[in-house]
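Topology and contacts: notes
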Amino acid sequence: MNETKVRVVLADDQPLVRSGLRVLINDNPDLEVVGEAGSGDEAIDVVAQVRPDVVVMDIRMPGMNGIEATRRITAGPEPTHVIMLTTFDDDDYVYGALRAGASGFLVKDMALDEILSAIRVVAGGEALIAPSVTRRLIAEFANRPTAGATSSKAAPHRVRESVTDREIEVLTLVGRGLSNSEIAAELFISVATAKSHVARLLAKLDARDRVHLVILAYESGLVSATS
């Protein structure tokens, strides 16, 4: 039934990329491509028209790039989840895309089943950020001391004053890219308890999603490029 499908918009300036993704996605009964765009401006217009669950957004597009389009889409009255399409040489854009509101990343040459899984995960309200991307993100931030400078002083106080010691431990592990099950194993707690800690961190820190927690973790000095 259509109402149960995850509705997806594809935004990429390469028609062949969109075509390949469209065929891949539409071949699954629980997923459906409901719109396409070849630029950031078009993506904003299409999202406003069709109200998808997820936008798969290329970072590099002519005119308005994917980062600015993501910022505008996620800031709307009815925010849509955005997954960024990236390549390994796009590391410079990773931090900006996360700050803009992206809920995860897809590498263009990743396995097809991983792309489909990522769309489903993000549509369910979770963020998808692989440990490899997390490490590159942290390294990028460490090499740019001015990144996040507006919050670098406030973030540590806000984090440490509002959460418990256990939640600090959980936030640190989230910042290192660990999943709930990995956090549970690390702290010798149940997965349900780990999930509850993450949920409380999201609420207490007014964090948009798990990716936002990663950003707060390293802006607060809980994780570093060598973590």
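What counts, and where the lines are drawn
Residues numbered from 1 in each chain as written. Predicted model: local features only at pLDDT ≥ 70, side-chain atom pairs only at ≥ 80, totals over all residues. Heavy atoms only, no water. Pairing = 2+ DSSP bridges. Helix = DSSP H or I, 4+ residues; strand = E, 2+ residues; numbered from the N terminus. Axes fitted to C-alpha atoms, helices over the stretch in contact; angles between N-to-C directions. Contact = heavy atoms within 4.5 Å. Buried < 20%, exposed > 50% of the residue type's maximum accessible area, 1.4 Å probe, protein only. Right-handed = clockwise from strand over helix to strand, strands pointing away. Expected span 1.5 Å × (residues − 1). Arc of directions from axis to C-beta.

This paragraph deals with the sheet that holds strand S5 (residues 104–107). In a beta sheet, neighbouring strands pair by backbone hydrogen bonds and run either parallel or antiparallel. Strand order in the open sheet formed by five strands is S2-S1-S3-S4-S5, with parallel pairing between adjacent strands. The two strands at the open ends of the sheet, each matched to only one other strand, are strand S2 (31–37) and S5. Adjacent strand axes in the sheet meet at a mean angle of 25°, parallel and antiparallel pairs treated alike. Note: strand S1 (residues 6–11) against S2, six bridges, orientation parallel. Bridging from a neighbouring strand, Arg-7 pairs with Glu-32 of S2. Against the sheet, helix H2 (residues 40–50) touches S1, S2 and strand S3 (54–58), its axis set at about 135° to S2. The strands touched by helix H5 (residues 112–123) within the sheet are S1, S2, S3, strand S4 (81–86) and S5, with S4 carrying the most contacts at an inclination of about 155°.

All right, on to the pairing of S1 then. Every regular strand shows the same layout, with side chains that alternate between the two sheet faces. Taken across its six residues, S1 has five buried, putting it largely inside the fold. In this fold, S1 hands off to helix H1 (residues 15–26), which returns the chain to S2; that crossover is right-handed. Summarising the sheet, S1 and S3 pair through four bridges and their orientation is parallel. Paired with Val-9 across the bridge in S3 is Val-55.

An ideal rise of 1.5 Å per residue puts 20 Å on 14 residues; helix H11 (residues 191–204) measures up with 20 Å between its terminal C-alpha atoms. Within H11, the full set of buried residues consists of Ala-194, His-197, Val-198 and Leu-201. Within H11, the buried residues cover an arc of 95° as seen down the axis, which keeps them to one side. Summarising the geometry of H11, the exposed residues directed more than 90 degrees from the buried face are Ala-192, Lys-195 and Ala-203. Looking at the buried residues of H11, the elements they touch are helix H9 (165–175), helix H10 (180–187) and helix H12 (210–219).

Keep in mind that these numbers describe shape and distance, not what the molecule does.
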